[in-house]
Amino acid sequence: MNISHVQAGLSEPEAVGPIPNGPGAAAILAAGIGSAALGILSLAGDAWAAIGKSLNFYNPTGTLSSVTTVTIVIWLASWYILNLRWRTKNVAVTRVNISAFIGLAIGLALTFPPVMDLIQGK
Amino acid sequence: MEISTHDLWTALHGMGFGALFMLAFSGALAALYRTYAPVSATPPNSRAQSLLTLYLVAMVVLAWLTVFSGAYIVYPWYRAVPPVGITDLADFPRRLLLSSGKTSEWHNVGMEWKEHVAWLAPIAMTMVAYVTWKYRRAIAQPQHMRTAVLVFAVAAFVATGIAGAFGAFLNKYAPIRGGHIIILMEAEK
């Protein structure tokens, strides 16, 4: 194995050639935040009638339209803000990945109806 | 041979955009893994990298078309509320499924899961395409960014698989009907 590969894999923060890793890390973390937002909003719309009602932006689609619209807004806004902060920087991608994977796991778990029901005690 | 507009949109959503997106995963995952392998025997050249980026962008477009056509065109027909006094629920798939204990979980689990989890795929694939475009071959160097790209690509594949499988089953037990009839062919008498 190439020694430089090993070093690149273990040392943080790691640059990506001449381009800083910040923009990529921002996209990765924003995807995790978007996934978590989808899960949390799906649960909120399902669990609490008042939130479900307030999330009903477009009646033919019900809460789905607003859950997904708000998710997209949160995802894009977090991507924009993180990119502004990190676009010229090299950041610790391991920590970014862990946070993004937690967000992804929240998104996958909370969109699964039996988990939603379990949380709501149904 | 005829088809209704609702059938046509449902087929376009599921078998056009959705199935094409799903099929594209086999190529994308193989290409991403090969490109980002820690020790790549043959690093991709500039042309191959551009083709991969184009391929991923096409997948992103398909993913967004799938979820938007599903949520804003097909789903309102699925959840249509029947007028009072209607006993034939064939044109109201959600109510049809919920009318029997034998089929209600297709909605309560299947549709409830599908309609939400599907949205993870375009979000994840947009990130995958962006990072691949942004860093091109340079991403083969740092292992952590490569790991995130592969994990999110696999998650998008899983989410699409769940949505696609339940979509097929839901359309079997409570197909979306209605709309204008389009005559495609007519047999000669």
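Rules of the game
Residues numbered from 1 in each chain as written. Chains lettered and ligands numbered in written order. Predicted model: local features only at pLDDT ≥ 70, side-chain atom pairs only at ≥ 80, totals over all residues. Contact = placed C-beta atoms within 7 Å. Helix = DSSP H or I, 4+ residues; strand = E, 2+ residues; numbered from the N terminus. Nonpolar A, V, L, I, M, F, W, Y, C, P; charged D, E, K, R; others polar. Axes fitted to C-alpha atoms, helices over the stretch in contact; angles between N-to-C directions. Parallel < 35°, antiparallel > 145°, perpendicular 65-115°, else oblique. Left-handed = near helix turned anticlockwise from the far one by under 90°. Buried ≥ 20, exposed ≤ 12 C-beta atoms within 10 Å, placed from the backbone. Core = buried A, V, L, I, M, F, W, Y, C linked by C-beta atoms within 7 Å. Expected span 1.5 Å × (residues − 1). Bend = angle between axes of the 7 residues up to and from the residue.

1. Things to note about the interface of chain A and chain B
At step 1: Facing the 38 residues of chain A at the interface are 35 residues of chain B.
At step 2: Every element with two or more residues in the side of chain A that touches chain B is listed here: α1 (3–10), α2 (22–47), α4 (63–86) and α5 (93–110) of chain A.
At step 3: Counting residues per element, the side of chain A that touches chain B draws most heavily on α2 of chain A, at nine residues.
At step 4: A per-class count over the side of chain A that touches chain B returns 19 nonpolar, 18 polar and one charged.

2. Digging into the packing of α2 of chain A against α4 of chain A
Residues and elements named next belong to chain A.
At step 1: In the contact formed by α2 and α4, the axes pass within 8 Å of each other and the chain directions differ by 155°. Overall, the two elements α2 and α4 adopt an arrangement that is roughly antiparallel. The two elements α2 and α4 cross, and the hand of that crossing is right-handed.
At step 2: Tallied by class, the residues present in the contact of α2 with α4 amount to 17 nonpolar, eight polar and no charged.

3. As for the environment of Gly 70 of chain B
Residues and elements named next belong to chain B.
At step 1: Looking at where Gly 70 falls in the secondary structure, it is placed in helix α2 (residues 46–78).
At step 2: The class for Gly 70 is buried, based on 25 C-beta atoms found within 10 Å.
At step 3: C-alpha separation for the pair Gly 70 and Ile 181, spaced 111 residues apart in sequence, amounts to 20 Å.
At step 4: Discounting chain neighbours no more than four positions away, the residues touching Gly 70 are His 13, Tyr 75 and Ala 118.

4. Details of the nonpolar core
At step 1: Ranked by internal contacts, the top residues of the largest apolar core, which has 79 residues, are Ile 28 of chain A together with Leu 120, Ala 124, Met 127, Val 128, Phe 152 and Ala 156 of chain B.
At step 2: Among the elements that take part in this core, helix α6 (residues 143–173) of chain B stands out by supplying 13 residues, more than any other.
At step 3: Setting aside its immediate chain neighbours within four residues, Met 127 of chain B contacts Ala 27, Ile 28 and Ala 31 of chain A together with Phe 152 of chain B.

5. Structural notes on the packing of α5 of chain A against α6 of chain B
At step 1: Viewed as axis vectors pointing N to C, α5 of chain A and α6 of chain B meet at an angle of 10°, and their least axial separation amounts to 9 Å. Here α5 of chain A is positioned roughly parallel relative to α6 of chain B, judged by the angle of their axes. Taking contact as the criterion, the partners of Val 93, Thr 94, Asn 97, Ala 100, Phe 101, Leu 104 and Leu 108 of chain A in α5 of chain A are, on α6 of chain B, His 144, Met 145, Thr 147, Ala 148, Val 151, Phe 152 and Ala 155 of chain B.
At step 2: The residue inventory of the contact of α5 of chain A with α6 of chain B, partitioned by class, reads ten nonpolar, four polar and no charged.

6. Section: helix α4 (residues 104–117) of chain B
Residues and elements named next belong to chain B.
At step 1: Helix length check: α4 (14 residues) gives 19 Å between terminal C-alpha atoms against 20 Å at 1.5 Å per residue, within 8%.
At step 2: Along α4, the largest kink reaches about 30° and is centred on Gly 110.
At step 3: Most of α4 sits out of view: ten of its 14 residues are buried.
At step 4: Burial in α4 covers these residues: Trp 106, His 107, Gly 110, Met 111, Glu 112, Trp 113, Lys 114, Glu 115, His 116 and Val 117.

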